[in-house]
Amino acid sequence: MITSFYIFGLILQYYLYKGYQFILIGIAVMTMIGILFRQYLKTGIWGFLLVIALLGTIQFKIHYEDEGMLGIFENQNITMIGDVIARTEGEKTQYTILAHEIIFQKKRAAVKEKVLLQLQNSGDKPNIEVGQRIYAEGLLIAPDKSRNPNTFDYNMYLKAKNIHRVMYIKPHQITLAGKGNISFLISATETIKNTIERKIRALFPGVEGNVLLAVLLGEKGSVDDNQMIKFRGIGIAHVFAVSGLHVGIIYLGLERLLLKINFKMRLGAVVLILWIYAGVTGFSSSVMRAALLLTLMVFAPLLNRRYDSLSAIAVAAFLFLLPNPLLLLNVGFQLSFSAALSIALLYKPIKAKLVALPPYVAQLMAASLAAQLGTVPIIAYHFNIFSPIALLINVPIVFLIGYIVPLGFIAVFSSYFSVTVAKLFARMIYILLLGVDFLSIWAYDLPYSNIKVISPSLFMIFIYYIFLGILIQKKEWHIKATKVKKEKILMVLAAIGISVYFMHNVFFYKHEIIFLDVGQGDCTLIKTPERKTILIDGGNRSSDNNGKNSTLVSFLLKNRIGKIDVMILSHPHGDHMGGLMEVAENLVVENLFVSMDAEKREEWGSMEKICANKRIPVFQVTKGDRIEVGKEVIIYILSPDKELIKGSRDDANNNSLVLLVAYLKRKILFTGDIEKEAEEQLVREYSPMDIDLLKIAHHGSRFSTTEEFLDVFLPKIAVIQVGRNNFGHPHQQVLDKLSHRNISVYRNDRNGAVRITFNRDKIRVNTMLLHREDFFH
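1. A few points about the pairing of strand β3 (residues 107-119)
Here strand β2 (residues 93-104) runs beside β3; their pairing, made up of 11 bridges, is antiparallel. Residue Ile 103 lies in a different strand from β3, and its bridge partner there is Arg 108. Between β2 and β3, which pair antiparallel in sequence order, lie 2 residues; one of them, Gln 105, sits at a positive phi of approximately 50°. Pairing between β3 and strand β5 (residues 163-169): 6 bridges, direction parallel. Bridge pairing links Leu 119 to Ile 169 in β5.

2. Quick look at the confidence of the model for the chain
Overall, the prediction assigns the chain a mean pLDDT of 86, with 93% of residues at 70 or greater. Averaged pLDDT values for the elements of the chain fall to 50 in strand β9 (residues 476-479) and rise to 97 in strand β15 (residues 566-568). Every residue in residues 544-549 is under pLDDT 50, and counting partners more than four places away or in other chains gives 10 contacts.

3. Comments concerning the side chain of Gln 681
Position of Gln 681 relative to the elements: it lies in helix α22 (residues 676-685). By relative accessible area, which is 17% here, Gln 681 ends up buried. Every residue in contact with Gln 681, bar those within four places of it in the chain, is listed here: Ser 639 and Ile 645.

4. Remarks on the pairing of strand β18 (residues 618-621)
The pairing of strand β17 (residues 592-595) with β18 spans 4 bridges and is parallel. The partner of Ser 595 across the bridge, within β18, is Val 621. At this point the chain moves from β17, through helix α20 (residues 604-614), to the parallel β18, and the crossover so formed is right-handed.

5. Let's talk about the nonpolar core
In this structure, Phe 240 and Ile 404 are the most contacted members of the largest nonpolar core, which totals 54 residues. The greatest single-element share of this core, amounting to 9 residues, is contributed by helix α14 (residues 390-414). Residues within four places of Phe 240 in sequence aside, it is in contact with Val 211, Ala 214, Val 215, Gly 218, Lys 220, Phe 231 and Val 436.

6. Some thoughts on the pattern of salt bridges
For the coordinates displayed, the defined rule picks out 24 salt bridges. Here Glu 675 and Arg 649 are joined by a salt bridge, their closest N and O atoms 2.6 Å apart. Of the two residues, Glu 675 is situated in the loop between β22 (666-670) and α22 and Arg 649 in the loop between β20 (633-639) and α21 (651-654); the sequence distance between them amounts to 26 residues. For the salt bridge of Lys 716 with Asp 692, the shortest nitrogen-to-oxygen distance reads 2.8 Å. One end of the pair, Lys 716, is in strand β24 (residues 713-720); the other, Asp 692, is in strand β23 (residues 689-695), with 24 residues separating them in the sequence. Exposure remark for Asp 692: the relative accessible area of 5% places this residue in the buried category.

Criteria and thresholds
- Think of each chain on its own: its residues are numbered from 1, step by step along the sequence as written.
- Predicted model: local features are reported for residues with pLDDT of at least 70 only, side-chain atom pairs are reported and counted for 80 or more only, and whole-chain, interface and lining totals are derived from all residues.
- Values reported for side chains reflect all heavy atoms of the structure, with hydrogen atoms and water molecules removed beforehand.
- When DSSP finds two or more bridges between two strands, those strands count as paired.
- Helix and strand definitions here come from DSSP, where helices need a minimum of 4 consecutive H or I residues and strands a minimum of 2 consecutive E residues; each element is numbered from the N-terminal end.
- The quantity called pLDDT is the predictor's confidence in a given residue, expressed from 0 to 100.
- Every residue pair with non-hydrogen atoms within 4.5 Å of one another is taken to be in contact.
- Relative accessible area decides the class of each residue, using a 1.4 Å probe on protein chains only: under 20% of the type maximum gives buried, over 50% gives exposed, and in between gives partly exposed.
- By convention, orient the strands away from the viewer: a clockwise path from the first strand over the helix to the second makes the crossover right-handed.
- Residue types Ala, Val, Leu, Ile, Met, Phe, Trp, Tyr and Cys, when buried and joined through side-chain atoms within 4.5 Å, form a set referred to as a nonpolar core.
- Each reported salt bridge corresponds to a side-chain nitrogen of Lys or Arg within 4 Å of a carboxyl oxygen of Asp or Glu.

As structure tokens, then:
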């Protein structure tokens, strides 16, 4: 109960900035009830639990608002002197530095704070080891916050690791300064890790060595991207991110190996080795959780206490979250503890149903199913993947990993005495790794082995866990001497869940426009009150192909959008069409609307092939056409005409679709990348009209947004879709024109995503960065 109320306080403070005030009110109410009705014991217990929740809110508030000591040097070039306490290899090399001193404008200041150094041009990386002291020169910046709703927040991810600043540097900006002053624990575990890595590299010089390092030490950075795509897709990536599974395997192996040693000495040796392993693998949440639970289990008999798995999990969670409440937001923490709880609660009921299977297979199947049931909604929420094959494929994979882990360490240990014996073990491991690779390829190639899904809402996740909890309870419950069947409780719960979901999505669904931050590109999502989705342009295509969702696809899935009713391409330039290609490949698209000019462009060919393969209907629209989206939203095509603009500075830009979106009495104008020539044509052909919102053309280029155009289409609000660029966007002349007309301006590069909701009376504008909230009539 203590852990539950503490977590309740953390969650309340996260979602309600002043959540502690509600807890204080609750404590006051409990105190009054106790005094008035003389129920001191009951109210005292509830009051104590609310105090625990209050502690959670205060702890979360302190850590959430903490910006570290180096905030005053943000966005400044400094020299930092510090000791390397961690190193991560992979596509990019990163060093975690414990800074001791900084030099700024020839003045020195003592500090004590962790900083993340991310090395650019990793191909020419310096030879820097953990434990060395370095000088690093560079720009100190804050990690990126989430720039689009419900997407990854790098700032919060690092803050949970007690890192508040990042420095992006090149190899020549690092200078070695001798031996650092780091703890013996970090030094010893790093030495052991490096020794194991060297031995494995010697025994496995090929790609198998990369996979084995991932399995034993969690070093996934060197594993081939295509392999990791398969592992993630079929739900076995957890075996390559050292977790409780690995700790359990090592524990069982040590118990058998040290069976004949004195009981107390054996327990001490086992616990010591487990915590050394936790240090070698970087003290990740899952490894520390497993090590702590096994430590409690080992020492319980010595203290004449019965080991209770649920109590141990609660104690472990409380010990983790008390000093660092932001860990609750960490995906690894969530997966680790949900898997542990699920196994503790579901393992026995599931195993009891598998009596027809051999005992060992039944144990593996029960543990795998329990863990999968507990983590499915969290994986779907964070990674938008559901793997139906995960349950079955995890059984043989875990079986193989159960031998690979101990054999891997035996091979390393035996290499000190006999290279021949070590190579014999290496050969055995090689065969087992081939089995893992074969199974992963086979499972990944099966139809529907991995399915992209939208993120479930937190309410639906809550209902899922309630369902799961009720299902494992006994058939009937006694409520006030009345027997109530479990099925009736489940039906009532389902009815409540469906009702809340229906009310939220029908009665509280507003007309909303989100100008996404996709860098230097255009992308706008419109959600209508009738739950229709309109996507206008999509930014650039992802720069990599490593199986991760693009910015746009990830945003849509995390915001529970799996279908686009109307997709519109203003013109086929990469910074508008690229993201739409990925949406067409991964989601359901009902229709795509383009201009006559788009289909004449060479760039259109790639999009045309995708639409043909996915059977997406493509419609040409021109001036005078209209697209009705439900009963309330109409999109009018204002340009281009059938006679396309020719001979301008950029014909493709000038022949962008210009759209007037009408909802109730509101008007929103989307202008693609049109320039002066197209704007002049619009000024000639349309009477002056007041519009509520203007999407500034061509990212604020100086070739667009003329004085005459603004005087005809005079908006209250302007949004500039722009990112970091070398084109000088948005141009100062454009900003001055908007300022002189008192037009409120929002920019993706400074504000992140711009979220606008409409009703009959007012317009509300929210921004992801700087947290602006403005209202317009």
